[in-house]
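# Topology and contacts: notes
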Amino acid sequence: LRSGQSASPAPLRLRPRRMPGATPDTPCRVHRLVVRGAEQTHESVIRNELRALRTASNLGEIHAACAVAAAHLESLQIFE
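Read on for an overview of the structure. All values derive from a computational prediction rather than experimental measurement.

## Focus: the side chain of Thr41
In this fold, Thr41 is placed in the segment before helix 1 (43–49). Residue Thr41 is classed as buried on the basis of its relative accessible area, which comes to 11%. Look past the residues within four positions of Thr41 in its chain and what remains in contact with it is Ile46, Ile78 and Phe79.

## Re the pattern of salt bridges
Applying the stated criterion across every chain yields a total of one salt bridge. Across the pair Glu43 and Arg47 runs a salt bridge, and its minimum N-O distance is 2.6 Å. Within this pair, Glu43 and its partner Arg47 are both found in helix 1, separated by four residues, close to a single helical turn. Under the relative-accessibility criterion, Glu43 is labelled partly exposed at 35%. According to the relative accessible area criterion, Arg47 is partly exposed, its value standing at 32%.

Reading guide: rules and limits
Residues numbered from 1 in each chain as written. Predicted model: local features only at pLDDT ≥ 70, side-chain atom pairs only at ≥ 80, totals over all residues. Heavy atoms only, no water. Helix = DSSP H or I, 4+ residues; strand = E, 2+ residues; numbered from the N terminus. Buried < 20%, exposed > 50% of the residue type's maximum accessible area, 1.4 Å probe, protein only. Contact = heavy atoms within 4.5 Å. Salt bridge = Lys/Arg side-chain N within 4 Å of Asp/Glu carboxyl O.

See below:
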């Protein structure tokens, strides 16, 4: 570790883009999923965990799917 670095890993963040004025029941769907920084974890592992996004039909479902996927990916302890 370099001086000033923490030994604990950074939290995994899955964030849909913000939509001003939108509520959880605002209809929408995911058109594109961008995976960044997955150097040692195969992208298909991450995409597989996010498969519920394909059927999400509103912002609330998208946020819930992201939260579940992030928790499960964290539980796998595959990220530094």
